[in-house]
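Residue strings, one per chain:
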Amino acid sequence: MNPVRTCVGCGQRGNRADLLRFISNSGFLEPDQYKSAQGRGAWLHPWAKCFDQAITRKAFGRALKAIVENRLNPSDLDKFIEQAETMLEN
Ligand SMILES: [Zn+2]
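Every chain is numbered on its own, with residues counted from 1 as its sequence reads. The model is predicted, so local features are restricted to residues of pLDDT at least 70 and side-chain atom pairs to those at 80 or more, both for listing and for counting; the totals for chains, interfaces and linings are taken over all residues.

Student: Where do I start with the sheet that holds strand β5 (residues 42–44) in this structure?
Tutor: Strand pairing in a sheet takes place through backbone hydrogen bonds and is either antiparallel or parallel in direction. A pair of strands is considered paired only if DSSP assigns at least 2 bridges between the two. To qualify as a helix, a DSSP run of H or I must reach at least 4 residues; to qualify as a strand, a run of E must reach at least 2; elements of each kind are numbered from the N terminus. With antiparallel pairing, 3 strands are arranged side by side in an open sheet as β4-β3-β5. This sheet does not close on itself; its edge strands, each paired only once, are β4 (28–31) and β5. On average, adjacent strands in this sheet sit at an angle of 35 degrees to one another, irrespective of strand direction. Here strand β3 (residues 20–25) pairs with β4 via 4 bridges, running antiparallel. Residue pairing across strands places isoleucine 23 opposite glutamate 30, the latter belonging to β4. Between the N-to-C directions of two axes lies an angle of 0 to 180 degrees, each axis being a line fitted to C-alpha atoms and, for a helix, fitted only over the stretch in contact.

Student: Looking at this structure, I do not really get the confidence of the model for the chain. What am I missing?
Tutor: Do not read the predicted coordinates in detail wherever pLDDT is low. pLDDT runs from 0 to 100 and stands for how confident the predictor is about each residue. Predicted confidence across the chain gives a mean pLDDT of 83, with 84% of residues reaching 70 or more. The weakest mean pLDDT in the chain belongs to helix α3 (residues 74–89) at 70; the strongest belongs to strand β1 (residues 4–6) at 96.

The following block contains the structure:
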C-alpha cells in the first residue's frame with residue numbers, strides 16, 4: 001500500500017503516518033483514529049492552518065462526497081489535533 005497521502009488542506013503530500021484521517025459518519029465529520037474505517041477518507045495534516053484551508057476549499061465535502069462542513073464541531077477538532085500531536089510526538 002502506498003504510504004503517501006495528500007492533505008486536503010494544503011494539497012501537499014505527506015506520509016500516511018503523519019496525517020490524520022477523517023470520515024463522514026451520517027454527515028458528521030469524524031476523526032478516524034485508527035485510519036482503518038471503511039469507505040472514503042479525507043487526509044489532513046494535524047495543523048489548524050490545514051484544517052482552515054480544507055474548510056475554505058470545502059475539501060472535506062469533496063473528498064468524502066458528503067455534506068459535512070455545516071456540522072463541524074471545532075472544539076472536537078481541537079481535542080483531536082491535540083491528541084494527534086501527542087501521538088506523533090511519542
Ligand atoms: Zn496540509
